[in-house]
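So the chains spell out like this:
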Amino acid sequence: MDISVVVPLYDEIESLPELTSWISGVMDNNRFTYEIILVDDGSSDGSWEMIRKLHKNNPFIKGIKFRRNYGKSAALNVGFEAAEGDVVITMDADLQDSPDEIPELYRRITEEKYDLISGWKAKRHDPLSKTIPTKIYNAATRRMSGIHNLHDFNCGLKAYRKAVVKNIEVYGEMHRYIPVIAKWAGFVKIGEQVVEHRPRKYGKTKFGISRFINGLLDLMSIFFVGKFGKRPMHFFGTMGTLSFFAGTVMVCWIIWDKLYALSHGEKHIRDVTAQPLFYLALVAIILGSQLFLTGFVAELVSRSAPERNKYQVEEVI
């Protein structure tokens with residue numbers, strides 16, 4: 001199979017007929033063998049019934065239905081597991097991504113041998129409340145990940161070599177940082193393509209303030225997991241060692257200061273426990289020990305939760 005198109009969706013019943021018809025037309029015109037995997041993330045507007053109807057008319061349309069809403073990352077991860085095409089294309093279901101971009105994305109993956117091509121919506125049709133946080137996250141992600149040639153990490157329109165989607169795991173809200181996850185997995189040939197961003201035709205945006213906060217937390221998570229996921233002791237051990245060392249230095253200073261005062265016969269010598277530095281040293285030593293032990297525990301359990309990415313799938317067609 002040439003192409004798998006993975007489309008996560010939540011309450012997008014109005015756009016599905018037009019989207020699938022458009023994708024099928026592009027595939028037929030270019031003589032691609034394909035499948036369209038629609039992942040219903042717990043919709044309540046009848047989207048699943050629409051997917052069933054579309055499947056009856058076009059057997060290349062497949063569907064996966066969650067029992068409840070898990071989020072876009074979960075939908076993508078399950079779609080990646082089901083995909084069989086040599087090239088996997090992801091796009092949003094709201095018709096803001098154009099299927100006409102698919103042939104060029106496919107060509108660049110197959111001919112130019114990219115691992116991943118990320119879309120860049122250079123001209124956006126979103127409100128400032130969405131574009132400003134996006135620019136902040138993109139700038140921060142470029143700096144932290146070292147992927148300096150991408151302008152838009154969160155663009156829903158992306159193309160992947162099959163090996164990429166079969167060797168990465170997307171969970172939480174990590175779909176924003178899939179290029180970073182791919183890089184940490186060893187897929188370093190990552191490119192960008194300017195794509196059309198169409199105004200939303202149906203429904204309303206799912207973007208809210210919670211996504212702004214979650215995006216910040218996930219950026220920190222992806223940085224930590226990418227850097228220290230396989231070696232957490234390097235992070236916790238280093239921080240613990242520095243804290244313990246600082247506490248030890250303060251203790252030595254307190255002892256030396258006490259002995260110096262006694263040897264010179266000073267009359268008014270403060271008790272060790274009366275010095276604020278004593279308590280700082282105590283906290284630093286305790287904190288250092290705890291961080292060090294945390295590193296040992298993290299080494300034992302790092303990335304070993306087998307149920308982390310299991311979701312309740314109600315039906316598959």
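Everything discussed here concerns the structure shown above.
These notes cover the structure that comes with them. (Residues numbered from 1 in each chain as written. Predicted model: local features only at pLDDT ≥ 70, side-chain atom pairs only at ≥ 80, totals over all residues. Heavy atoms only, no water.)

The subject of this paragraph is the pattern of salt bridges. Across all of its chains, the model carries 9 salt bridges by this definition. The residue arginine 107 makes a salt bridge to glutamate 112 at a minimum N-O spacing of 2.9 Å. Taking the relative accessible area as the measure of exposure, glutamate 112 reaches 26% and is therefore partly exposed. The network of salt bridges with common partners includes Glu104, Arg107, Arg108, Glu111 and Glu112. (Salt bridge = Lys/Arg side-chain N within 4 Å of Asp/Glu carboxyl O. Buried < 20%, exposed > 50% of the residue type's maximum accessible area, 1.4 Å probe, protein only.)

Turning our attention to the side chain of serine 145. With respect to the element layout, serine 145 can be found in helix 5 (residues 128–145). Given the relative accessible area of 6%, serine 145 is considered buried. Polar contacts involving the side chain of serine 145 include one to the main-chain carbonyl oxygen of threonine 141, which spans 2.6 Å. With residues up to four places along the chain from it excluded, the contact list for serine 145 reads Phe153, Val180 and Lys183. (Helix = DSSP H or I, 4+ residues; strand = E, 2+ residues; numbered from the N terminus. Polar contact = N/O pair within 3.5 Å; in protein donor to acceptor, adjacent residues only side chain to side chain. Contact = heavy atoms within 4.5 Å.)

If you look at the biggest cluster of nonpolar residues, it comprises 34 residues, and the most contacted ones within it are Ile3, Val5, Met27, Ile89, Met91 and Ile102. Residue assignment for this core shows that the elements contributing at least two residues are strand 1 (3–9), helix 1 (16–29), strand 2 (34–40), helix 2 (47–57), strand 4 (87–90) and helix 4 (102–110). The dominant element in this core, judged by the number of residues it contributes, is helix 1, at 6 residues. Setting aside anything within four residues of it in sequence, one finds valine 5 in contact with Ile23, Met27, Glu35, Ile36, Ile37, Ile89, Met91 and Ile102. (Core = buried A, V, L, I, M, F, W, Y, C linked by side-chain atoms within 4.5 Å.)

Okay, the packing of aromatic side chains next. Evaluated as defined, the whole model comprises 8 aromatic pairs. Ring plane angle 45° and centroid distance 5.0 Å describe the contact between tyrosine 34 and phenylalanine 60, whose orientation is recorded as tilted. Pair noted here: tyrosine 34 is in strand 2 and phenylalanine 60 is in the loop between helix 2 and strand 3 (61–66), with a separation of 26 residues, a long-range link. Note on tyrosine 34: relative accessible area 5%, which makes it buried. (Phe/Tyr/Trp six-rings, centres within 6.5 Å; stacked < 30°, edge-to-face > 60°.)

Take unusual backbone geometry next. If you check the backbone angles, leucine 95 has positive phi at about 70° while not being a glycine. With respect to the helices and strands, the residue leucine 95 is situated in the loop between strand 4 and helix 4. With a relative accessible area of 1%, leucine 95 lands in the buried category. In this structure, lysine 113 takes a positive phi of about 60° despite not being glycine. Following the sequence through the fold, lysine 113 ends up in the loop between helix 4 and strand 5 (116–120). For lysine 113, a relative accessible area of 55% translates into the label exposed.

What follows covers helix 9 (residues 232–263). Because an α-helix completes one turn every 3.6 residues, residues spaced three or four positions apart along the sequence face the same direction. Compared with the 46 Å implied by 1.5 Å per residue over 32 residues, the 46 Å span of helix 9 between its first and last C-alpha is a close match. Along helix 9, the positions that sit buried rather than exposed are Pro232, Met233, Phe236, Gly237, Gly240, Ser243, Gly247, Met250, Ile254 and Ala261. Glycine 265, located one to two residues past helix 9, shows a positive phi value of around 70°. (Expected span 1.5 Å × (residues − 1).)

Turning next to helix 4. For helix 4, the set of buried residues is Ile102, Leu105, Tyr106, Arg108 and Ile109. Along the long axis of helix 4, the arc covered by the buried residues comes to 165°, so they all point the same way. Looking at the buried side of helix 4, the elements it contacts are strand 1, helix 1, strand 4, strand 5, strand 6 (158–161) and strand 7 (190–194). (Arc of directions from axis to C-beta.)

In this section: the side chain of threonine 141. Note that threonine 141 resides in helix 5. By relative accessible area, threonine 141 is classed as buried at 2%. There is a polar contact of 2.6 Å between the side chain of threonine 141 and the backbone oxygen of tyrosine 137. The contact partners of threonine 141, leaving out residues within four places of it in the chain, are Gly146, Phe153, Tyr177, Val180 and Leu219.

Backbone hydrogen bonds are what pair the strands of a sheet, in a parallel or an antiparallel way. Within the open sheet, the 8 strands sit side by side as 7-5-6-4-1-2-3-8. Their pairing is mixed. Each having just a single partner strand, strand 7 and strand 8 (313–316) make up the two edges of the open sheet. In this sheet, neighbouring strand axes are inclined to one another by 20° on average, regardless of whether the strands run parallel or antiparallel. Bridge count for strand 5 against strand 6 is 3 bridges, and the pairing is antiparallel. Paired with serine 118 across the bridge in strand 6 is lysine 158. Against the sheet, helix 2 contacts strand 1, strand 2, strand 3 and strand 8, and its axis sits at roughly 155° relative to strand 3. Helix 4 rests against strand 1, strand 4, strand 5, strand 6 and strand 7 of the sheet, and its axis sits at about 140° to strand 4. (Pairing = 2+ DSSP bridges. Axes fitted to C-alpha atoms, helices over the stretch in contact; angles between N-to-C directions.)

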